[in-house]
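Inside the fold
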Amino acid sequence: MMAPFGSGDPHTSSTRILRHPGATAGIPKEHRNDKGAGTTTERIGIIMNGVTGRMGRNQHLARSIAAIRHDGGLRADGLVIWPDPVLVGRDQERLRQLATEYGIERYSTDLEACLAEEQDAIYFDAQSTLRREQALASAIAAGKHVYCEKPIATTSAAALEIAGLAQKAGICNGAVEDKLFLPGLLKLHEVIKRGFLGRILSVRVEFGYWVFEDEVGASQRPSWNYRQEDGGGIVLDMFCHFRYLFDHLFGGVRSVACMATTHLPERVDEQGRRYKTTADDAAYALFELEGGAIAQVNASWVVRPYRDDLFVIQVDGTDGSATAGLQRCLVQAAVTTPRFVWNPDLPLQLDPRIGWTEVPDREPAVNAFRRQWELFLRHVVLGDPFPWDLADSARGVQLAELTLAAVAERRWVAIPETPV
Ligand SMILES: NC(=O)c1ccc[n+]([C@@H]2O[C@H](COP(=O)([O-])OP(=O)(O)OC[C@H]3O[C@@H](n4cnc5c(N)ncnc54)[C@H](O)[C@@H]3O)[C@@H](O)[C@H]2O)c1
């Protein structure tokens, strides 16, 4: 059972955890809703590592944990779950600035000291990929519940080991599978579940955009993404996402064939220095899905998109088709399918975009990372199910690894069941 709200005495905390005087560990007065209403507040301490990075800061701190706090905590079954993070990283001054900006009380450069704190039940990791494996193992050994970015490791052996450690320790565990919680993909899931598409025949995914490589367009992604020795590469980065999408939308993936390459041999790093790229920046893959459907996936950081979104998935079935981006999903039924006739001598007679119907929003959109965070917090505090665990995430690392084997060996590779 977690320490009740307010029981963490600041004076008994390790001196290695610094406190920002302006912020509060408790729910600010204006957000408290327990005046006479009998609502119980459950404080939950979260060690947040890697929050100075792009994902840690934008998605996990700003749009998830700070946003939940801004809204007065997470209301769940008569409880208010109040996340109380300690921000962890290497640079004390940047952590102090983040703490000030987001009204967080605690920050530290000493992960070990944080893991030793009993008052913090969850360890979260959004560090660059190579550092995750070791950090998760330490957190599990310290008895923390763990939640983290993907990929959870760089090899499937390591990913399965981490997932096995978490299972053995009996802790709550999970990894980010954000695409499942995007409005467009949630609607696509609903369309598939309701059987609108009939038997699914094929899936086409286009993912990517131009990631600038020169001094003129500052790169939108960290340079380690383009160095294999630093955990980079589009296959390792993106195929984890494709795996959970295939598993959760279509019931699984049987085999893969792929060409992946490094189109651009040089890029410019954060310090403006040219460096040699060593990781794949584009992958062109074919998959055989469970049930026999064929999926084609293009993933590229070297493409100039002319499409509705940076990620687009189209699914064609016997009874209908669906196309989804991050926000929207459109469908076309078999009975409303226009009759195209191929005639290269005439301009197109029918607009292919006519005859598609938008799946409406049924609920207000919530940031996908926040949605999954809320489910994880409910899992830890209330014991709600959380199927997006480290074992599920290990399957993503497995797919990336086997895809790279398919690339190296220029052949189809089967995807076996994972042992955890
Ligand atoms: N879910 C998604 O859609 C998504 C998207 C992009 C990245 N990611 C994943 O998120 C993770 C972070 O990616 P990012 O783009 O934010 O990277 P980033 O480079 O912006 O951030 C990396 C973080 O790790 C920390 N770090 C790096 N080296 C360290 C070291 N030696 N010691 C201590 N800390 C160190 C940095 O200080 C920073 O806080 C990666 O694993 C990546 O695969 C997920």
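Residues numbered from 1 in each chain as written. Predicted model: local features only at pLDDT ≥ 70, side-chain atom pairs only at ≥ 80, totals over all residues.

1. Examining the overall build of the protein chain
Short version of the rule: Strands are runs of DSSP state E lasting at least 2 residues, helices are runs of H or I lasting at least 4, and numbering of each runs from the N terminus. We compute the radius of gyration over the C-alpha atoms and compare it with the globule rule, which gives 2.2 Å times the number of residues raised to the power 0.38. Neighbour density around each residue's C-beta defines its exposure: 20 or more other C-beta atoms within 10 Å make it buried, 12 or fewer make it exposed, and counts between make it partly exposed, where C-beta atoms are placed from the backbone. Here, residue contact means that the backbone-derived C-beta atoms of the two residues sit within 7 Å.
The helix and strand inventory of the protein chain stands at 9 helices and 19 strands. Its C-alpha atoms give the protein chain a radius of gyration of 23 Å, within 12% of the compact-globule value 22 Å for 420 residues. Each principal axis of the C-alpha atoms in the protein chain carries an extent, and together these give about 80 × 55 × 45 Å. Within the protein chain, the fraction of its 420 residues that count as buried is 44%. Partitioning the contacts of the protein chain with sequence separation of at least 6, the portion at a separation of at least 24 is 72%.

2. As for the site of the ligand
Basically, it comes down to this: Using a C-beta atom placed from the backbone for every residue, we mark a residue as near a molecule or strand if that atom lies within 6 Å of it. Side-chain classes follow a simple rule in which Ala, Val, Leu, Ile, Met, Phe, Trp, Tyr, Cys and Pro form the nonpolar group, Asp, Glu, Lys and Arg form the charged group, and the remainder, Gly included, forms the polar group.
Around the ligand lies a shell of 19 residues, among which G53, R54, M55, Q127 and P222 are the nearest. It is helix α1 (residues 54-70) that provides the largest number of residues to the shell around the ligand, a total of 3 residues. Partitioned by chemical class, the residues of the shell around the ligand number 4 nonpolar, 8 polar and 7 charged.

3. Considerations on the pairing of strand β4 (residues 79-88)
Stated formally: In short, DSSP must find at least two bridges between two strands for them to pair.
The element β4 is largely enclosed, with a buried count of 9 among its 10 residues. Taken together, the 10 bridges between strand β2 (residues 40-49) and β4 define a ladder with parallel strand orientation. Paired with R43 across the bridge in β4 is W82. Taken together, the 3 bridges between strand β3 (residues 74-76) and β4 define a ladder with antiparallel strand orientation. Bridged to L74 within β4 is I81. Turn length for the β3-β4 hairpin, with the two strands adjacent in sequence and antiparallel, is 2 residues, and the turn residue D77 shows positive phi of about 50°. As paired elements, β4 and strand β5 (residues 106-108) share 3 bridges and run parallel to each other. Bridged to V86 within β5 is R106.

4. Digging into helix α8 (residues 368-382)
Applicable threshold: Multiply 1.5 Å by the residue count of a helix minus one, and that product is the helix's expected span.
Relative to the 21 Å expected for 15 residues at 1.5 Å per residue, α8 spans 21 Å between its end C-alpha atoms, a close match to the ideal helical length. By the criterion of burial, α8 is predominantly enclosed, with 11 of the 15 residues buried. Inspection of α8 places A368, F369, R370, Q372, W373, E374, F376, L377, H379, V380 and V381 among the buried residues, and these make up the whole buried set. G383, located one to two residues past α8, shows a positive phi value of around 80°.

5. Comments concerning the nonpolar core
For the record, the criterion: What makes a nonpolar core is a set of buried Ala, Val, Leu, Ile, Met, Phe, Trp, Tyr and Cys residues, with links drawn between C-beta atoms within 7 Å.
The biggest cluster of nonpolar side chains holds 110 residues, and the ones touching the most others in it are M48, L87 and I152. Among the elements that take part in this core, helix α7 (residues 234-250) stands out by supplying 11 residues, more than any other.

6. Structural notes on α1
Note that an α-helix has 3.6 residues per turn; residues three or four places apart therefore point the same way. Taking 1.5 Å as the rise per residue, α1 with 17 residues should run 24 Å; its terminal C-alpha atoms sit only 21 Å apart, a clear shortfall. If you check which residues of α1 are buried, you get G56, R57, Q59, H60, L61, S64, I65, A66 and R69. Contacts made by the buried residues of α1 are with β2, β4, α2 (92-102), β6 (120-125) and α8. A positive phi of about 90° marks G72, the residue just after α1.

7. A short note on the domain arrangement of the protein chain
The condition that has to hold: Domain delimitation in this document rests on an assignment produced automatically or drawn from a domain database.
Split by domain assignment, the protein chain resolves into domain 1 (10-177 + 369-386) and domain 2 (180-366 + 396-414). Placing a centre on the C-alpha atoms of domain 1 and another on those of domain 2 gives a separation of 30 Å. Taken together, the 16 residues of domain 1 in the interface contact 15 residues of domain 2. Among the secondary structure elements, those contributing two or more residues to the side of domain 1 that touches domain 2 are α5 (156-169) and α8. In terms of residue class, the side of domain 1 that touches domain 2 is made up of 5 nonpolar, 6 polar and 5 charged.

8. Some words on the sheet that holds strand β17 (residues 329-333)
Spelled out, the test is: Lines fitted to C-alpha atoms define the axes, with helix axes restricted to the stretch in contact, and inter-axis angles between N-to-C directions lie between 0 and 180 degrees.
The 9 strands are arranged β18-β17-β16-β15-β9-β14-β13-β10-β19 in an open sheet whose pairing can be described as mixed. At either margin of the open sheet sits one strand with a lone partner, and together these are β18 (357-358) and β19 (413-414). The strands touched by α7 are β9 (200-208), β10 (253-261), β13 (282-289) and β14 (294-300); relative to β13, the strand with the most contacts, the crossing angle is about 25°. Where helix α9 (residues 390-409) meets the sheet, it contacts β10, β13 and β19, and its direction lies at approximately 60° from that of β10.

9. Thoughts on unusual backbone geometry
Residue P151 follows K150 across a cis peptide bond; omega there is -15°. Phi at D77 is positive, roughly 50°, even though this residue is not glycine. Of note, D77 is situated in the loop between β3 and β4. What makes D77 exposed here is the crowd of 10 C-beta atoms within 10 Å. Residues other than glycine seldom take positive phi values, yet R410 does so here, at roughly 50°. If you trace the backbone, R410 turns up in the loop between α9 and β19. Judged by C-beta crowding, with 9 C-beta atoms within 10 Å, R410 ranks as exposed.

10. Details of the environment of A169
Relative to the elements of secondary structure, A169 occurs in helix α5. A C-alpha to C-alpha distance of 7.1 Å links A169 and I140, two positions 29 residues apart in sequence.

11. Section: the pairing of strand β7 (residues 145-148)
Quick note on the threshold: Orienting the strands away from the viewer, one traces the path from the first strand over the helix to the second; a clockwise path indicates a right-handed crossover.
Of the two faces of β7, the one holding H145 and Y147 and the one holding V146 and C148 are both buried throughout. Bridge count between β6 and β7: 4 bridges; the pairing is parallel. Directly across from D125, in β7, lies its bridge partner C148. Bridging between β7 and strand β8 (residues 173-175) involves 3 bridges; their strand directions are parallel. Bridging across to β8, Y147 finds its partner in G174. As for the winding sense of the linkage, the β-α-β connection from β7 through α5 to β8 is right-handed.

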